[in-house]
Amino acid sequence: ETGVTQSPTHLIKTRGQQVTLRCSSQSGHNTVSWYQQALGQGPQFIFQYYREEENGRGNFPPRFSGLQFPNYSSELNVNALELDDSALYLCASSPGTASGANVLTFGAGSRLTVL
Amino acid sequence: ILNVEQSPQSLHVQEGDSTNFTCSFPSSNFYALHWYRWETAKSPEALFVMTLNGDEKKKGRISATLNTKEGYSYLYIKGSQPEDSATYLCAFYGGATNKLIFGTGTLLAVQP
């Protein structure tokens with residue numbers, strides 16, 4: 001079975017630009033969640049998608065948005081980039097219903113630098 | 001604001017030493033506690049998910065315990081090896097929040 005793959009692995013943007021990060025979930029998983037890890041912090045929950053619907057959101061502004069596609073892959077979009085958006089963005093997939101007891105399978109992350 | 005604390009922040013041990021670290025989390029509305037192992041330049045990898053007070057789980061030389069009433073979990077590594085060097089993350093899932101809240105991790109370095 002394939003794991004979770006994320007693209008791009010690294011990218012550099014400037015303030016005010018927009019970015020799209022992509023994630024392919026593990027085969028058989030229908031739930032995808034996104035996390036932001038800033039330097040020195042643990043991963044912070046951005047939002048979660050289950051069967052193409054957002055079903056949970058963390059404390060992130062509306063310029064952070066996402067999509068989940070019929071094949072359960074997902075995108076994270078960030079508009080009007082700010083310097084503080086520089087971070088590692090992790091995608092994780094899990095099987096079944098969106099339950100907190102499901103093990104997450106993570107991708108290796110997309111490192112975003114905003115200049 | 002719900003907080004998940006991990007201690008110590010970092011730990012340096014010699015090969016063969018046994019070690020343990022702590023994860024503290026809110027004791028109310030508990031649903032699940034996760035442990036992940038994250039090697040540099042790789043993906044975080046699941047170790048355990050525990051849901052019941054008193055749970056003890058083991059995977060090779062690594063084991064974990066859970067106390068939901070007092071809000072803590074211990075992760076133990078017996079006979080540490082250099083390949084155990086990684087950041088160990090715990091995450092709390094509470095019924096009121098419907099989201100995983102991660103700690104900042106414990107960075108373990110095992111010297112050969």
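Reading guide: rules and limits
- Residues numbered from 1 in each chain as written.
- Chains lettered and ligands numbered in written order.
- Predicted model: local features only at pLDDT ≥ 70, side-chain atom pairs only at ≥ 80, totals over all residues.
- Heavy atoms only, no water.
- Pairing = 2+ DSSP bridges.
- Helix = DSSP H or I, 4+ residues; strand = E, 2+ residues; numbered from the N terminus.
- Axes fitted to C-alpha atoms, helices over the stretch in contact; angles between N-to-C directions.
- Contact = heavy atoms within 4.5 Å.
- Buried area = accessible area lost by both parts, 1.4 Å probe.
- Polar contact = N/O pair within 3.5 Å; in protein donor to acceptor, adjacent residues only side chain to side chain.
- Nonpolar A, V, L, I, M, F, W, Y, C, P; charged D, E, K, R; others polar.
- Phe/Tyr/Trp six-rings, centres within 6.5 Å; stacked < 30°, edge-to-face > 60°.
- Buried < 20%, exposed > 50% of the residue type's maximum accessible area, 1.4 Å probe, protein only.

A. A look at the sheet that holds strand 7 (residues 62-67) of chain B. Residues and elements named next belong to chain B. Taken together, the 5 strands give an open sheet; going across it, the order is 1-3-8-7-6, and neighbouring strands pair in antiparallel fashion. Edge positions in the sheet fall to strand 1 (5-7) and strand 6 (56-59), since each has one partner strand and no second. For this sheet the average axis-to-axis angle between neighbouring strands, irrespective of direction, equals 15 degrees. Bridge count between strand 3 (residues 19-24) and strand 8 (residues 72-77): 6 bridges; the pairing is antiparallel. Bridge assignment links Thr22 to a residue of strand 8, and that residue is Tyr74.

B. Geometry of the interface of chain A and chain B. With 21 residues of chain A at the interface, the matching set in chain B holds 17 residues. Here chain A and chain B share an interface that buries about 1,500 Å² over both sides, 65% of which is from carbon and sulfur atoms. On the chain A side of the interface with chain B, the three residues burying the most area are Pro43(A), Gly100(A) and Phe106(A), jointly 32% of the side's total. Where chain A touches chain B, the interface holds 5 residue pairs in polar contact (both at pLDDT 80 or more). Here the residues of the side of chain A that touches chain B sort into 11 nonpolar, 10 polar and no charged.

C. Structural view of the packing of aromatic side chains. By the definition in use, this model includes 15 aromatic pairs over all chains. Between Tyr35(A) and Phe106(A), the ring centres sit 5.9 Å apart and the planes meet at 50 degrees, which makes this aromatic pair tilted. Residue Tyr35(A) is located in strand 4 (residues 31-37), and its partner Phe106(A) is located in strand 10 (residues 105-106); the two are separated by 71 residues in the primary sequence. Look at Tyr35(A) and you get buried, because its relative accessible area is 2%. Its relative accessible area of 4% is what places Phe106(A) among the buried residues. On the numbers, 5.4 Å between centres and 90 degrees between planes, the contact of Phe106(A) with Tyr36(B) is edge-to-face. On the criterion of chain membership, the pair formed by Phe106(A) in strand 10 and Tyr36(B) in strand 4 (residues 30-38) is interchain, its members lying in two chains. Counting every residue linked through ring pairs, the aromatic cluster contains Tyr35(A), Phe45(A), Phe106(A), Tyr36(B) and Phe102(B).

These figures come from the coordinates and say nothing about function on their own.
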